[in-house]
Every structure is written in structure tokens, then in C-alpha cells.
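Here is how the chains run, residue by residue.
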Amino acid sequence: MTESFRRDGEYEQYENPYQGARQHSSPVNPEWPPPPAYRPAQAEPVSTAPGTPAWPGGHQAMAGGEGGGNGGGTAVLPTVPAEPAPGAAPAARKRARGPFALLAAVAIVAAAIGGGTAYAFQELTGTDTAASSSTTASVVPSSKKGDVASIAAAVSPSVVEVGATLSNGTSTGSGVIITSGGEIVTNNHVVSGAQSIKVTTSDGKTYTAKVVGTDSKKDLALIKLEGASGLKPATLGNSSGVKVGDTVVAIGSPEGLSGTVTSGIVSALDRDVTVSTDENQGQQQGGGDGNWPFQFGGRQFNGDTGSSTTTYKAIQTDASLNPGNSGGALIDAGGNIIGINSAMYSASSSSGSSSSDAGSIGLGFAIPINTVKADLATLRSGSTS
């Protein structure tokens, strides 16, 4: 086997092992054949010890230059993998980035469909989950925020007319669709004492509804349509972000006029509104002028609330509300539901004036939507408190 290194002290008398020696046609020493007079054409340098280049599959370069120097000769070296060709490393990096690119693409798609994910999941699983958002979300396009026409177009399909048949007459109110399967939130006093309930959607379809649960202390009720599907649920906002002066829109069915839209502002917050919890008051509504009696500021409005009452914190608005708006939607500038309209003052019932004088005077109240959301589980459980 050919040695790879010069023996210590060999050829010390010459600077070059072939200097001063008679040249032969064959090497002087078979172990040290003369180096080639040229560098192998296809060789490429590889890394060895610092300062010593080597030529894979060829001859080791000589310290003194080409064909001369100290101890040059045939080098037996292990095969060293060649350096990657230019462009190979970027290709490897590109492959390495593949999974990350895939994940990024999935994330982008998820973000793009984020607004519809909860609804799609609900439809696929058959579960009824009310859609909700903060007040920073916008049901209407951002460029149309605060535009009453855009808000009405977006939310009207989610507001219904509720008609209840009572033992002594009828009661008309409104409701808000919260699931595509037909769950509707309304006021307790709209369906209190009802023997049957009919609901009419914005497209004119009529459904029979059953009461799921009621909470007279918050004047809330949950009803469910029979055989309904594919309805458009409203988006429940966040009433804690509401400020005095905010633009609001009210949608309901005053006097049976379905889909009536009015607008105004938030006049005040946290108003203590007292309403009756007596079921007979709901029946009186059908036999009277349709105004729900309530108490505010120590005064009675729209009749006597009776001895059994409850008080809740309400949003006050000057958006025009009239009999039949009860249970309808109070909506913010982004199209989110921030309250369920529940009480309104009517001059005719307290002053003894004729019915022709009846109408909104800009004193209406709505149950904050956060109160509604906190009560949904109880209502769905079938509670009838």
C-alpha cells in the first residue's frame, strides 16, 4: 500500500527528492513515483488540514508548487463528498419550509372563514349556539357602519313578529332569532299566559312556537319554532361597551306592523326599570291598549304594575318604540344586538287622553344583551320562574 506521508528525515540532503539524483525512465524509488506534471483536470479541492488542499482521487499538491516541493507524491485519501452545487442548499431549504408554508396557508384560510366558522360548525353538528361578538365586530361592512339602511337590511331577517293568543284576547310583540334552528328571545310579558303562539318571519312565513323557558324577574322568555331551519340568527353584541350618545336602531312590529325600523341614540344607562311578574298582566295587555305597565323613577307608566314586581337595569333610548316593539332588537352601529326592547312610555295611558294621542315620546328601555346571554342557559333548561 502506498504511504500517504513522507518518512521523517528521508531525502533531507535535497530540497527536492529528485534534485542531484540521476533521472531514470522509471521512478527512483517505487514508493515515491514522480508527481504528474499537471494537475488532474476534473479535480475539485476539498477541506483537509488548514493550509493543505487535497485533490480527491488524484495527487496531493506540493508545498513548493506544481511538481516540486517537500515530499510530494501520490496521496491515498478517503473519498470526500463534494460540496453541494450552487442552488442545492436553497432547494433543500425550500423543501424544509414546505410544512411551514402548508401550515401558514391553513391559517390564512381559517382566518378568511373565521366569521362563518361557528355557524358552519353549528349546522354540521346540529347544535344550537347563539352567535355573539364584542361591540368591535361589525355585522355591516365597516364603510357602512352607522348607516341605518345597511343595519336594517342586515338585521331585519333576524327579527320576527310574535303573536300570542290569550284567554281574553291577543298579544302582539317581537322577537330576535338567535339560532338557525328557530330559538327566539322575546319578553316574558309578550307570551305570558299564552295558549298558543304564532311567529311570522321577515319573509312572511308563519310558524307555530312553543315556550321553552321564562324568567319573569328579567322579563325574558325563550321560544322555539316548530319545523324551522336555515333561519338567519342575529349577532349578540356586548352591552358593557355601550356608551351614552351611541347611535342605535330599533326593529320590531309595533301595532302589528312587522319590520318597522326606527333610530336614535342611547339616552342613559343602568336605569332601574320595574315591571310586573304577575301572569295576569300579560293577559291585561291583550285586553287593553297593548302597553306593558312599568315603573320608573317612582312613577307608574302604562297602568298599575301590581304587587308582584321585579327591577332590572336597562338601557334608555330615544329610538321610537311603540306597543308591539316589546321583545324586538336594539342594535348598535355595527349591526350587533345590544338590547331587547322591553318597555316604553305612552302618554295616553297615564294622562287619560284619547288613543289618537298615543305614540312614542322618546322614552324607551331595553334589557342589556349581556343580561340575556347570562340567562340563556337557564331559559334553555326549561325554567319557568
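Going by the structure above, here's the rest.
Quick notes on the rules
Residues numbered from 1 in each chain as written. Predicted model: local features only at pLDDT ≥ 70, side-chain atom pairs only at ≥ 80, totals over all residues. Heavy atoms only, no water. Core = buried A, V, L, I, M, F, W, Y, C linked by side-chain atoms within 4.5 Å. Buried < 20%, exposed > 50% of the residue type's maximum accessible area, 1.4 Å probe, protein only. Helix = DSSP H or I, 4+ residues; strand = E, 2+ residues; numbered from the N terminus. Contact = heavy atoms within 4.5 Å. Polar contact = N/O pair within 3.5 Å; in protein donor to acceptor, adjacent residues only side chain to side chain. Pairing = 2+ DSSP bridges. Expected span 1.5 Å × (residues − 1).

## As for the nonpolar core
Then, number 1: Counting 34 residues, the largest nonpolar core has Val-155, Val-185, Phe-294, Ile-331, Ile-337 and Phe-365 as the members making the most contacts within it.
Then, number 2: Val-160, Ile-184, Val-190 and Ala-228 belong to the second largest nonpolar core, which has 15 residues in total.

## Quick word on helix H3 (residues 148-155)
Then, number 1: Within H3, the full set of buried residues consists of Ser-150, Ile-151, Ala-152, Ala-154 and Val-155.
Then, number 2: Against strand E3 (159-166), strand E9 (247-252), strand E10 (260-276), strand E14 (329-331) and strand E15 (337-346) lie the buried residues of H3.

## With respect to the side chain of Ser-156
Then, number 1: By secondary structure assignment, the location of Ser-156 is in the loop between H3 and E3.
Then, number 2: Polar contacts involving the side chain of Ser-156 include one to the main-chain carbonyl oxygen of Ala-152, which spans 2.7 Å.
Then, number 3: Look past the residues within four positions of Ser-156 in its chain and what remains in contact with it is Ile-151, Ser-202, Ile-251 and Val-261.

## Looking at the pairing of strand E5 (residues 183-186)
Then, number 1: Neither face of E5 is left uncovered, since the one carrying Glu-183 and Val-185 and the one carrying Ile-184 and Thr-186 both have all their residues buried.
Then, number 2: Relative to E5, strand E4 (residues 169-177) runs antiparallel, the two being bridged by two bridges. Counterpart to Ile-177 in the pairing with E5 is Ile-184.
Then, number 3: As paired strands, E5 and strand E8 (residues 220-225) are joined by four bridges and run antiparallel to one another. From the neighbouring strand, Ile-184 faces E8, where its bridge partner is Ile-223.

## Let's talk about helix H7 (residues 369-380)
Then, number 1: For H7, spanning twelve residues, the distance from its first C-alpha to its last is 16 Å, which sits close to the expected 16 Å at 1.5 Å a residue.
Then, number 2: One or two steps after H7, the chain reaches Gly-382, where phi turns positive at roughly 95 degrees.

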